[in-house]
Amino acid sequence: MTTQKPTASEIERAIRNVADFPKPGIQFKDITPVLADARLFNGCIDLLIDGFKPGDVDSVVGIDARGFIFAAAAAVKLEAGFVPVRKKGKLPYQTHEQSYELEYGSATIAMHVDALRPGSRVLLIDDLLATGGTAAAAVALVEKLGGKILESSFLIELKFLEGRKRLPGHPVRSIVAY
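Only a predicted model underlies this, so the values are computations on that prediction, with no experimental measurement involved. (Residues numbered from 1 in each chain as written. Predicted model: local features only at pLDDT ≥ 70, side-chain atom pairs only at ≥ 80, totals over all residues. Heavy atoms only, no water.)

Chemist: Residue-level account of the nonpolar core, with values.
Modeler: Within the largest apolar cluster, 27 residues are counted, with the highest numbers of intra-cluster contacts made by Ile 11, Val 60, Phe 70, Leu 78, Leu 123, Ile 125 and Leu 155. If one sorts the elements of this core by residue count, helix 4 (residues 66-78) sits on top with five residues. Excluding residues that lie within four positions of it along the chain, Ile 11 makes contacts with Pro 6, Val 34, Leu 40, Gly 43, Cys 44, Leu 47, Leu 155, Ile 175 and Val 176. Within the second largest apolar cluster, 23 residues are counted, among which are Ala 138, Leu 141, Val 142 and Leu 145. (Core = buried A, V, L, I, M, F, W, Y, C linked by side-chain atoms within 4.5 Å. Buried < 20%, exposed > 50% of the residue type's maximum accessible area, 1.4 Å probe, protein only. Helix = DSSP H or I, 4+ residues; strand = E, 2+ residues; numbered from the N terminus. Contact = heavy atoms within 4.5 Å.)

This is the structure:
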């Protein structure tokens, strides 16, 4: 039996808005209803990697923490390695770090110093593109290790925050835009 692939509109309808989380004034986009529906979740992965096939990508880089969910699944489908970008202090080996500002504070992310080989073809995946600070920091880490970003793919983009502007010269894909 063939299951029809979901549309971006179907995925968007499943995303739940949670007011004032994690702080007042923020409209949190809760993706757990999408993850709970196997057809929607699988469809998200297909949309995030559309145009890529096994052999096109060496590593899929996922950003802590919800980006791990999508990036790991994408890596399996693309027969590529999965590389986590974690919050500072969470990786056990030597790391490169990058600090950045986000829409409600600041943070530092890290990647193992040997996570990528120079010249690695990288697909960067996260659940949300907002101000672009996290994604730009992850791109900086990938490039510091000699990786080449093929594309940055996001389930959700908050267009009014103009995060794409922080990723000049890099193709950006989003499935659902607000």
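Picking up where we left off.
Chemist: Could you give an account of the packing of helix 3 (residues 38-48) against helix 4, naming the residues involved and the relevant values?
Modeler: Between helix 3 and helix 4, the shortest axis-to-axis distance is 10 Å and the interhelical angle comes to 70 degrees. One way to sum up the angle between helix 3 and helix 4 is to call them roughly perpendicular. The segment helix 3 lies against helix 4, with Phe 41, Asn 42, Cys 44, Ile 45, Asp 46 and Leu 48 engaging Ile 69, Phe 70, Ala 73, Ala 74 and Lys 77. Split by residue class, the contact of helix 3 with helix 4 holds eight nonpolar, one polar and two charged. (Axes fitted to C-alpha atoms, helices over the stretch in contact; angles between N-to-C directions. Parallel < 35°, antiparallel > 145°, perpendicular 65-115°, else oblique. Nonpolar A, V, L, I, M, F, W, Y, C, P; charged D, E, K, R; others polar.)

Chemist: So, unusual backbone geometry: which residues are in play, and what are the values?
Modeler: Following Phe 21, the chain continues to Pro 22 via a peptide bond in cis, the omega torsion being 5 degrees. Within the secondary structure layout, Pro 22 lies in the loop between strand 1 (16-19) and strand 2 (27-30). Here Asp 20, not a glycine, exhibits a phi torsion of approximately 60 degrees, which is positive. Here Asp 20 is to be found in the loop between strand 1 and strand 2. A residue is classified by how much of its surface remains accessible, and Asp 20, at 47% relative accessible area, is partly exposed. Although it is not a glycine, Glu 162 sits at a positive phi angle of roughly 55 degrees. You can see Glu 162 is positioned in the loop between strand 8 (148-157) and strand 9 (172-177).

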